[in-house]
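Take a look at the letters that make up each chain.
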Amino acid sequence: MANVTLKNIRKSYGKTQVLHGIDLDINDGEFLVLVGPSGCGKSTLLRIIAGLEETSGGEVYIGDNLVNDVEPKNRDIAMVFQNYALYPHMTVFENMAFGLKLKKMAKVDIEKRVNEAAEILDIREYLERRPKELSGGQRQRVAVGRSIVRKPAVFLFDEPLSNLDAKLRVQMRTELKILHEKLKTTMVYVTHDQVEAMTMGERIVVMKEGHIFQADQPLNIYNNPANEFVASFIGSPAMNFIDATVKIENTIHLRNDFMDVSLPSELNAAITPYEDKQIRVGIRPEHLSISHNTDTGIKVCLEISELMGNESYLYTSAGDFQLVARVQDSEKRSSGDQIILSPLLDHLHFFDLNTGVRLQ
């Protein structure tokens, strides 16, 4: 096992800069997830760790060793790709053993390692089959097994579940987490799926346009997003945003044409400097409830109601803003109904309208 340290990593393709000075410490034995929209640089960063891409500047350390000039095969890493990359003419056993044979490992040791990995991944019965005889999930297990047998210091996963159907993705997420618990090896996992990030990562690194916007434990990012982008990207359904003017009377109010919310005193400090100015208010869907008080709350028009069993998703509009509420309510409603949504005040998030930085 080993820690990975990235210092001021930069990457450019011609005049296009993809990574803008990334600094990141990945702890020994940690399961870290790089997440962000397509084109944010997360896969490029992973390939730089692997040695498949050269940096335009900065240093990569695996353990205490500077590896910028070390060939990928000598970095003691294993990479699992989206497309499995299995040899179709080889059996599962031969695929898993191939890298060990290239290292001229003794046959008895190869058999031991392959069987151990097959046992961990529950694929022993498939060792004599070829990839075309396997399902997508089984092929992905073989690809992971091929990495396990090498006993690398670091595992790198580049969107390995993207080709699987929804049900199988959920299953494989669980299996990869269990695998990490068994192996205790450093794992760096790239995905654009924030649900995968939230459920798998011990720590999440949220990236956008070649920058790290926040690196923290999943719940800390969910509850305390550093800025508007992180708040909008992490969470499903996504956080709602609505602009309001800060008014100070006996208490602080957030007001616009369809909203009047009075804030408790402990929330005042962050937004008092914005008196008579607009701020952006973030509210997660589960922190909205239906109210019958016409003097306060957010007046919205219902567009669609989705009954999900013990709860409903209400898709509503308020002026130019769209809001989703996830409520513990099974009452049947019709499109066009006027309702009032009441936010949980201690779960509001405030952002600067110009910079997007979180105020509270």
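Quantities reported herein were computed from a predicted structural model and do not represent experimental measurements. (Residues numbered from 1 in each chain as written. Predicted model: local features only at pLDDT ≥ 70, side-chain atom pairs only at ≥ 80, totals over all residues. Heavy atoms only, no water.)

### Quick notes on the pattern of salt bridges
Using the criterion set out here, one finds 14 salt bridges in the structure. Lys 184 is the partner of Glu 181 in a salt bridge, and the nearest nitrogen-oxygen pair spans 3.3 Å. Classification of Glu 181 by relative accessible area gives partly exposed; the value is 43%. Its salt-bridge partner being Arg 280, residue Asp 243 comes within 2.7 Å of it at the nearest N-O pair. Taken together, the residues Asp 243 in strand S11 (residues 240-248) and Arg 280 in strand S14 (residues 278-283) connect sequence positions 37 residues apart. Here the residues in one salt-bridge network are Lys 11, Arg 47 and Glu 53, joined through shared partners. (Salt bridge = Lys/Arg side-chain N within 4 Å of Asp/Glu carboxyl O. Buried < 20%, exposed > 50% of the residue type's maximum accessible area, 1.4 Å probe, protein only. Helix = DSSP H or I, 4+ residues; strand = E, 2+ residues; numbered from the N terminus.)

### A look at the sheet that holds strand S8 (residues 186-191)
Taken in spatial order, the six strands of this open sheet run S6-S7-S8-S3-S9-S10, and their pairing is mixed. Since the sheet does not close on itself, it has two edges, and those belong to strand S6 (77-80) and strand S10 (211-216), each with one partner. Here the average twist between neighbouring strands, direction ignored, is 15°. The sheet contact formed by S6 and strand S7 (residues 154-158) spans four bridges and is parallel. When the bridges of S7 are listed, Ala 78 appears paired with Phe 155. Each of strand S3 (31-35), S6, S7, S8 and strand S9 (203-208) is contacted by helix H1 (residues 42-50), which is oriented at about 150° to S7, the strand it contacts most. (Pairing = 2+ DSSP bridges. Axes fitted to C-alpha atoms, helices over the stretch in contact; angles between N-to-C directions. Contact = heavy atoms within 4.5 Å.)

### Considerations on the layout of surface pockets
Put simply, the largest pocket is a space of about 480 Å³. Lining the largest pocket are 19 residues, and of these Ala 78, Met 79, Phe 81, Arg 146 and Arg 150 lie nearest its centre. Every element with two or more residues in the lining of the largest pocket is listed here: S6, helix H2 (92-102) and helix H4 (136-148). In terms of residues, the lining of the largest pocket owes the most to one element, H2, which gives five residues. For the lining of the largest pocket, the class distribution of residues is 14 nonpolar, two polar and three charged. (1 Å grid on protein atoms, 1.4 Å probe; cavity = no way out; pocket = protein on both sides within 12 Å on 5 of 7 lines; lining within 4 Å. Points joined across faces, edges and corners; volume = space filled by probe spheres on them. Nonpolar A, V, L, I, M, F, W, Y, C, P; charged D, E, K, R; others polar.)

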